[in-house]
Amino acid sequence: MRIAIIGTGYVGLVSGACFSDFGHDVICVDKDAGKIAALEKGVMPIFEPGLDQLVARNVASGRLAFTTELARAVDGAEAIFIAVGTPSRRGDGHADLSYVHSAAQEIAGALTGPAVIVTKSTVPVGTGDEVERIVRETAPGAATWVVSNPEFLREGAAIEDFKHPDRIVVGTEDDAAMEVMREVYRPLYLNKAPLIFTSRRTAELIKYAANAFLATKITFINEIADLCEAVGGDVQDVARGIGLDGRIGAKFLHAGPGYGGSCFPKDTLALLKTAEDNGAPLRIVEAVVKVNDARKRAMGRKVIQALGGDARGKTVALLGLAFKPNTDDMRDAPSLAIVQALEDAGAEVRGYDPESMEQARPLMPGVALCDGPYAAAQGADAVVLVTEWDALRALDLKRLAGIMRQPIMVDLRNIYPPEEAETAGFAWHGIGRPARSR
Ligand SMILES: NC(=O)c1ccc[n+]([C@@H]2O[C@H](COP(=O)([O-])OP(=O)(O)OC[C@H]3O[C@@H](n4cnc5c(N)ncnc54)[C@H](O)[C@@H]3O)[C@@H](O)[C@H]2O)c1
């Protein structure tokens, strides 16, 4: 089957590479000529484990190609995926659909035969109707079906998630479009990945409901962590104690500095706007958004408190800057709010991340980015573990404490057991866990 992917970012590139690995012929399009030129040279524009080999293998087999010319990709494609960005619209939090709408228009202008147009971008309920309207207006009489197929992959584990999804959601009630979508996902379908067919609007809503639920779960355990700190409980044990209950489940119960990234912050906001516009407010999600926003900056205050209440003239080393491990994505990373709070309080901030420093540099111009965790901690007053990269899980804590001016550790991911950090000489502050010495 011939597939076109419009938008070669985290989702478009991974989807395109995986579809070609399934045996389909795929052309990925992007407006960003630099991205396409890099891909043509075999250079990945993003960091995603295993992606470079997957792309190289499928380019070599002739099943995967890249272009800036949308018409070239759309020509003869039976399924055309829209995987462009849907960031928050400035000012009001609605999803900015301008990229989706212009992609729909460009696709319609380039159609050469019957095609299923599939929205993979995360889009508010009703966007499929608008895409359909644009296509009908631009290409009257063209044989097209507009389908919703939201993507649930996680950055950092994107290939595994794409190839072994918990489910595939397809929003269409049209038999011909269902047939094409079954063909697209046949290898996964054969592997028994549940393929859920539903209405287009329901499919659009499923994606937002999933992200809002996960954001709620994270925020819930974060508030329980605060309560643990107030009453002397241990959130790790609470998470285990509730997570073993099959009705609750253990995932997404890791207390931390608040959710960030390219999806949860913008998707929760966009869902609230949809709910508000339709007179069906989502009070729980409203609270989640407020609590999470406040939490990120509160993490900066937590560091200042660990420094004795005054950060002026102190040096703080942030270890891990990306919003989560195994990605270079800095969008809405908690590190950004923490840096801001620390700089506002007069601290000198240093940073280190295994993959995201290039992306971080323009977003935190005042931060001195260092070559490694020890270089960042040299002479510092506090180290803050912000992202739980594997490379930060086995630091030589004695060595780290030994090179600092003051060995204070603020472990926002509860990577290190308090006794281990304290034995190494640190004054340790975690999330929702008592320090051994206090
Ligand atoms: N990143 C994730 O983990 C993830 C997971 C699930 C769903 N999503 C959703 O998938 C969508 C894409 O997210 P992303 O993180 O891959 O975004 P991204 O910003 O990494 O990539 C989008 C790409 O689309 C390109 N583009 C925009 N308009 C175009 C056009 N008309 N023609 C060709 N290219 C165009 C941009 O240049 C960019 O490279 C969003 O709606 C997002 O919410 C993302």
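Our subject in this report is the structure included herewith. All values reported here derive from a predicted model rather than from experimental measurement. (Residues numbered from 1 in each chain as written. Predicted model: local features only at pLDDT ≥ 70, side-chain atom pairs only at ≥ 80, totals over all residues. Heavy atoms only, no water.)

### Some details on the site of the ligand
Item 1. Taken together, 25 residues lie near the ligand, and Asp 30, Lys 35, Thr 86, Glu 155 and Lys 266 sit nearest.
Item 2. Taking Lys 35, its side chain carries an N or O atom lying 2.5 Å from an oxygen atom of the ligand.
Item 3. One nitrogen or oxygen atom from the side chain of Lys 266 is found 2.6 Å from an oxygen atom belonging to the ligand.
Item 4. Out of a free accessible area of 830 Å², the ligand has 90% covered by protein chains.
Item 5. Here the residues of the shell around the ligand sort into 9 nonpolar, 7 polar and 9 charged. (Near = heavy atom within 4 Å. Polar contact = N/O pair within 3.5 Å; in protein donor to acceptor, adjacent residues only side chain to side chain. Areas by Shrake-Rupley, 256 points an atom, 1.4 Å probe, with all protein chains shown as cover. Nonpolar A, V, L, I, M, F, W, Y, C, P; charged D, E, K, R; others polar.)

### A look at the pairing of strand β6 (residues 144-148)
Item 1. Of all 5 residues in β6, 4 are buried, a share of seventy percent or more.
Item 2. In the sheet, strand β5 (residues 115-119) pairs with β6 via 5 bridges, with the strands oriented parallel. Bridge assignment links Ile 117 to a residue of β6, and that residue is Val 146.
Item 3. In this region the chain leaves β5, passes through helix α6 (residues 127-138) and returns to the parallel neighbour β6; the handedness of that crossover is right-handed. (Buried < 20%, exposed > 50% of the residue type's maximum accessible area, 1.4 Å probe, protein only. Helix = DSSP H or I, 4+ residues; strand = E, 2+ residues; numbered from the N terminus. Pairing = 2+ DSSP bridges. Right-handed = clockwise from strand over helix to strand, strands pointing away.)

### Side note on unusual backbone geometry
Item 1. Its identity as a non-glycine residue notwithstanding, Phe 252 has a phi of 60°, on the positive side.
Item 2. On the basis of relative accessibility, which here comes to 29%, the residue Phe 252 falls in the partly exposed class.
Item 3. Phi is positive for Asn 326, close to 65°, though the residue is something other than glycine.
Item 4. As for its position among the elements, Asn 326 is in the loop between β9 (315-319) and α14 (334-344).
Item 5. Residue Asn 326 is classed as partly exposed on the basis of its relative accessible area of 33%.

### So, the sheet that holds strand β11 (residues 368-369)
Item 1. As summarised here, the arrangement of the 6 strands in space is β11-β10-β9-β12-β13-β14, forming an open sheet in which the pairing is parallel. If you trace the sheet from one side to the other, it starts and ends with β11 and β14 (427-429), each paired once.
Item 2. Two elements, strand β13 (residues 408-411) and β14, share 3 bridges in a ladder whose sense is parallel. Opposite Met 409, over in β14, you have Trp 428 as the bridge partner.

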